[in-house]
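# Structural characterization, general
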Amino acid sequence: MGRTWTVANPSRTYSRLRELAAHPKDFVLYLARQECGTKIFRKKCIEYARRLLGHTSITTTQRYMHLDEKELADAQELIDSWTWRKFYSTGHSFIFCRRARLVPGGSWEPGVFEWPAISSEGRDENIGAMPHVAFVTFSGFRIREPELLELGMTLPGLQARGNALAHLPALGLLTLAGMLPGDWTCSYAIVSRWDENLITQIADEHPTLVAISALTASILEAYEFSARLRAMSLCTVLGGLHVTCCPDESLRYCDAIIVGPGELVWPQVLSDAAAGALRPVYQSAGIETEETWPVPRFDLLGAKPQRFTLQTQRGCPLACSFCGASRLLGSFREKPAENIRQELRAIRAVDPDPLIELADDNTFAGSCDWNKLLDVLQESGARYFTEADWRIGERPDLLQRLAPSGCVQILVGIESLIFRYPGMGQKQAELDRIMDAVLAIQGAGVAVNGCFIVGADGETRASLDRLVRFLLDSPLADVQITLQTPFPGTALHRQLAKQGRLLPGRGWPWYTLFDVTYQPDGMSVEELETGFRDVLKVVFARDAAVRRDGLRKQIWRGNARLRQ
């Protein structure tokens, strides 16, 4: 007959479902394991089993479903002896067994059993009564200009950086998922484009709400996706940096928007969605406290993501005019060390040896005791990348602790060799001083990724050639080069709009960091595009990339953490 499996300590959610559907827990799991083992309706069965068993992660359910050869044979024998049928009800796929009954001792044999169908009415009487959020984030490495797109596929250094950017998880939605009440379920998807398969997948979940986030370059894709879902009578809410900066525009394509940090209003959004009474705009207000630093649902990323993101702070005390990062969501705030410790534990529960990118605008720029932060990072055993300004290179007490804490690389914004952006404060300095600080950081065993912006006012072909010569001879272990991009909400965008220099034919999909979106002051658009491509061709050519790779290896030999 095969063995009977049970679930220890079923969750409150599962107990409620079991009571509603009259499903003994061992039978639910048994059916799910059979279906998974024989590859019948694999994807849907795992998800339904997860919800029925009350697991927060599909990964957990999959571990329960692992079958050895003997178990597979037992499951196949039962399936052969039963009549299985698949039918659809309001988009859901169900399995049901015509002959099965529970016999004394808790095992099952052919008898009479039927899995109740879900109807479009009476959601409170079945599985559909569970409130559910489908989280969808649009990400990816995007380039519009055809020649540059082709170039990015052939340059190893540029391609590697693009892959790194494309695989950074969207921390905002994971954080909101971490705030869901115990009786809510969720799904999570990272996509670069939407298609009808994704629409069907979301519709099959019968979500109470679809929460969507997108970067400026992908926001039109998100708008289309939201509009398509709304045409199917599914409720959508949009949030993030772009939505916060362009609320009136965003509201045309969804049922509701969140302006500012989502954590502050998310409980109200869920309550209103469950009641069918979403308000058009949820405006965050107030000051964050410890209670509003929830632990993100890192388990939704799967078994072993390439890397994780974690914030130790939000915003930046500086106000660089080009910056379109999280400072636009509110004032500078630093996360308590204990909250960071909890997030690191959650990450290590998914991957014991994680690679983490701190999603900070300027780590170590605040007033909190950075020793506490480094203590927590060092305890975790994780390796991490972060962003900070060059001034940490003049802080020997901090430098001596970076490598032991797990830091392997820091992105430093050198920005431009020909233009001083407003708002940079004490970060503004002569190049020689900045490079001395870079050498000090790398001398401590931490590689520096120098970040440069091409296309600022005063840029000419001669200045681009000078940048190339500097980068080919510089001691930087890595470089990041992007085009000046006037993201909405920034001082740079307001300035260029006021001057009439924003290109009318190049809307949000061009705001990729690699496409020209404005009229340069000393070059034509075509000259800047050509000059930018030429810089990338040389700086990210194989020989230059190999040279920087050698520099990184040399620097990391001085990082005791990487030698362990």
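Right above here is the structure, for reference.
Summarised in this report is the structure supplied together with it.

Rules used throughout
- Residues numbered from 1 in each chain as written.
- Predicted model: local features only at pLDDT ≥ 70, side-chain atom pairs only at ≥ 80, totals over all residues.
- Heavy atoms only, no water.
- Buried < 20%, exposed > 50% of the residue type's maximum accessible area, 1.4 Å probe, protein only.
- Helix = DSSP H or I, 4+ residues; strand = E, 2+ residues; numbered from the N terminus.
- Pairing = 2+ DSSP bridges.
- Salt bridge = Lys/Arg side-chain N within 4 Å of Asp/Glu carboxyl O.
- Arc of directions from axis to C-beta.
- Polar contact = N/O pair within 3.5 Å; in protein donor to acceptor, adjacent residues only side chain to side chain.
- Contact = heavy atoms within 4.5 Å.
- Axes fitted to C-alpha atoms, helices over the stretch in contact; angles between N-to-C directions.
- Parallel < 35°, antiparallel > 145°, perpendicular 65-115°, else oblique.
- Left-handed = near helix turned anticlockwise from the far one by under 90°.
- Nonpolar A, V, L, I, M, F, W, Y, C, P; charged D, E, K, R; others polar.
- Core = buried A, V, L, I, M, F, W, Y, C linked by side-chain atoms within 4.5 Å.

### Observations concerning the pairing of strand S16 (residues 407-415)
- Within S16, 9 of the 9 residues are buried, leaving the element largely enclosed by the surrounding structure.
- Sheet topology places S16 next to strand S17 (residues 447-454); 6 bridges connect them, and they run parallel. Within S17, the residue paired with glycine 413 across the bridge is cysteine 451.

### Comments concerning the pattern of salt bridges
- Inspection of the entire model under this criterion finds 23 salt bridges.
- Notably, a salt bridge pairs glutamate 415 with lysine 427, separated by 2.7 Å at the nearest N-O pair. Taken as a pair, glutamate 415 in strand S16 and lysine 427 in the loop between S16 and helix H17 (431-443) lie far apart in primary sequence, 12 residues in all. Here glutamate 415 matches lysine 427 in class, with each residue buried.
- Among the ionic pairs, arginine 548 bridges to aspartate 478, the shortest N-O distance being 3.9 Å.

### Examining helix H15 (residues 370-380)
- Among the residues of H15, Trp370, Leu373, Leu374, Val376, Leu377 and Ser380 are the ones counted as buried. Down the axis of H15, the buried set is contained in an arc of 160°. They therefore lie on one face. For H15, the exposed residues lying more than 90 degrees away from the buried face are Lys372 and Glu379.
- Measuring from the backbone nitrogen of asparagine 371 back to the side-chain oxygen at the start of H15 gives 2.9 Å, which picks out aspartate 369 as the cap.
- Of the residues flanking the end of H15, it is glycine 381, one or two places downstream, whose phi is positive at about 75°.

### Quick look at the side chain of glutamate 357
- Examined against the element boundaries, glutamate 357 turns out to sit in strand S14 (residues 355-358).
- Accessibility expressed as a relative area gives 12% for glutamate 357, which makes it buried.
- For glutamate 357, the residues in contact, after removing those within four places along its chain, are Leu168, Arg307, Phe308, Thr309, Leu310 and Phe385.

### Observations concerning the packing of helix H18 (residues 461-473) against helix H20 (residues 525-539)
- Interhelical geometry of H18 versus H20 gives an angle of 15° and a closest axis separation of 10 Å. Between H18 and H20, the angle is such that the two are roughly parallel. Here H18 and H20 pass one another in a crossing that is right-handed. Contact residues: Arg461, Leu464, Val468, Leu471 and Leu472 in H18; Thr530, Gly531, Phe532, Asp534, Val535, Val538 and Val539 in H20.
- Its residues assigned to classes, the contact of H18 with H20 shows 8 nonpolar, 2 polar and 2 charged.

### Observations regarding the sheet that holds strand S11 (residues 308-310)
- Here we have 6 strands laid out as an open sheet, ordered S11-S14-S15-S16-S17-S18, and parallel in their pairing. With partners counted over all chains shown, the strands left at the sheet margins are S11 and strand S18 (478-483), one partner each. Averaged over all neighbouring strand pairs, the angle between strand axes comes to 20°, with direction disregarded.
- H18 rests against S17 and S18 of the sheet, and its axis sits at about 175° to S17.

### Overview of the nonpolar core
- Formed by 92 residues in total, the largest nonpolar core has its most connected members in Phe135, Trp266, Phe364 and Leu402.
- For this core, the leading source of residues is H20, giving 6 residues.
- Leave out the neighbours within four places in its chain, and phenylalanine 135 touches Leu173, Leu176, Ala177, Leu180, Cys186, Ser187, Tyr188, Ala189, Ala211 and Trp266.
- Among the nonpolar cores identified, the runner-up in size contains 28 residues, and Trp194, Val210, Leu229 and Cys246 belong to it.

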